[in-house]
Amino acid sequence: KDLFELEGHQTSLGNPFFKAQNELGKKTSPIIINLLKEGALLKGITVTDEFMWSIKGSNIHYKEPLNPNAPDRLTGGSSSGSSSAVASKLVDFALGTDTGGSIRVPASYTGIFGIRPTFRNLDNKGVYPLAQSFDTVGFFANDIETMVKVGEVFFDEKTNLPDKYLMITDAFDTLEPKLRDQAISYYKKVFKEDAEMLSLPERFSLEKLLDAYRIIQGIEAFQNY
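A few points on the structure. (Residues numbered from 1 in each chain as written. Predicted model: local features only at pLDDT ≥ 70, side-chain atom pairs only at ≥ 80, totals over all residues. Heavy atoms only, no water.)

Within the protein chain one finds seven helices and five strands. Against the compact-globule benchmark of 17 Å for 225 residues, the protein chain has a radius of gyration of 19 Å, which places it among compact chains. Principal-axis analysis of the C-alpha atoms gives the protein chain an extent of 55 × 40 × 35 Å. Per-residue burial for the protein chain yields a buried fraction of 38% across its 225 residues. Long-range contacts, defined as pairs at least 24 residues apart, comprise 63% of the intrachain contacts of the protein chain with a sequence gap of at least 6. Carbon and sulfur atoms make up 56% of the accessible area of the protein chain, which amounts to about 13900 Å² in all. (Helix = DSSP H or I, 4+ residues; strand = E, 2+ residues; numbered from the N terminus. Rg over C-alpha atoms; globule rule 2.2 N^0.38 Å. Buried < 20%, exposed > 50% of the residue type's maximum accessible area, 1.4 Å probe, protein only. Contact = heavy atoms within 4.5 Å. Areas by Shrake-Rupley, 256 points an atom, 1.4 Å probe, with all protein chains shown as cover.)

So, about the sheet that holds strand β1 (residues 93-98). Here we have three strands laid out as an open sheet, ordered β1-β3-β2, and antiparallel in their pairing. Across the chains shown, the open sheet's two edge strands, defined by having one partner strand only, are β1 and β2 (113-115). Averaged over all adjacent pairs, the angle separating strand axes in this sheet is 25°, with direction ignored. Where β1 and strand β3 (residues 136-141) come together, six bridges link them in antiparallel fashion. Each residue of the ladder has a partner; that of G96, found in β3, is G138. (Pairing = 2+ DSSP bridges. Axes fitted to C-alpha atoms, helices over the stretch in contact; angles between N-to-C directions.)

In the structure shown here, the tally under the stated rule is twelve aromatic pairs. Between F18 and Y128 the ring centres are 6.1 Å apart and the planes differ by 85°, which places this aromatic pair in the edge-to-face class. One end of the pair, F18, is in helix α1 (residues 16-21); the other, Y128, is in the loop between β2 and β3, and 110 residues separate them in sequence. Taking relative accessible area as the criterion, Y128 reaches 22% and is therefore assigned partly exposed. Three or more aromatic residues link up through ring pairs in this structure, and these residues are Y165, F172, Y186, Y187 and F191. (Phe/Tyr/Trp six-rings, centres within 6.5 Å; stacked < 30°, edge-to-face > 60°.)

All right, on to the packing of helix α2 (residues 30-37) against helix α5 (residues 144-154) then. Running from N to C, α2 and α5 cross one another at 120°; their axes reach a closest spacing of 9 Å. One finds that α2 runs oblique with respect to α5. In terms of crossing hand, the pair formed by α2 and α5 is right-handed. Contacts between α2 and α5 involve I31, N34 and L35 from the first element and V150, V153 and F154 from the second. Taken together, the residues of the contact of α2 with α5 sort by class into five nonpolar, one polar and no charged. (Parallel < 35°, antiparallel > 145°, perpendicular 65-115°, else oblique. Left-handed = near helix turned anticlockwise from the far one by under 90°. Nonpolar A, V, L, I, M, F, W, Y, C, P; charged D, E, K, R; others polar.)

Attention now goes to helix α3 (residues 80-87). Quick reminder: α-helices carry 3.6 residues per turn. Residues three or four places apart thus point the same way. α3 sits mainly inside the fold: eight of its eight residues count as buried. The set of residues buried in α3 consists of S80, G81, S82, S83, S84, A85, V86 and A87. Here the buried face of α3 lies against β1, α4 (104-110) and β3. Looking one or two places after α3, you find K89, whose phi comes out positive at around 65°.

Among the nonpolar cores identified, the biggest contains 23 residues, and F4, I31, L35, L95 and F154 are the most heavily contacted of them. Beyond its immediate chain neighbours, meaning those up to four positions away, F4 contacts T11, S29, I32, L95, G96, T97, G126, V127 and V137. Ranked by size, the runner-up nonpolar core spans seven residues in total, among them A94, I103, A107 and F140. (Core = buried A, V, L, I, M, F, W, Y, C linked by side-chain atoms within 4.5 Å.)

A few words now on the pairing of strand β4 (residues 165-168). Where β4 meets strand β5 (residues 195-198), four bridges bridge the pair, whose relative direction is parallel. Across the sheet, the residue bridging to Y165 is A195, located in β5. For the crossover from β4 across helix α6 (residues 177-191) to β5, the handedness is right-handed. (Right-handed = clockwise from strand over helix to strand, strands pointing away.)

Turning to the side chain of T146, a few remarks are in order. Tracing the sequence through the fold places T146 in helix α5. Judged by relative accessible area, which is 17%, T146 ranks as buried. Not counting the four nearest positions on each side in its chain, T146 is found in contact with D92, F93 and A141.

Here is the structure:
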């Protein structure tokens, strides 16, 4: 995704005018260096929605990335080029970023695997921000085996899993009742007695959280660009 700093590369953020005035990269992002050290090869830079500000996957300045698993459909964004490259089997895996769905949406649209890790799980050095309060680096692959291999390099620190999980039922309230019941039943089975169900207090309702997210994201994006 063309928002990682690469030595000698003029990062565009999906905008040719920004690219024209941007300096050549002085250093390569540590995330990419770690992957290269473990044997990965960098095959290319992929298109992104303009300034990463979209969920659609279309960029007026560039040809629309192909969705090979649904050719008449969009790839989703803003990591559109990365998901397209993986779904088209041009690469084994590709890096992207997710601020508000920019890995999860294209993974869903193109029918591949994608992960938005826990926030701040990774150092974002050498990655141009959209809204730094939410930006996370993640990746796509066509199969779980590759996801695991990349993950072993990506997440170099071992994490102790918690003893108890809290399942916020509000997160399922947007689903149709039948699907909601299936989802909750599935997670209860996975976590067994380690999970506790709870609802958010009114001041932290999903609508209020979403409003806060939109405001913070918009302010940070405006300040950055």
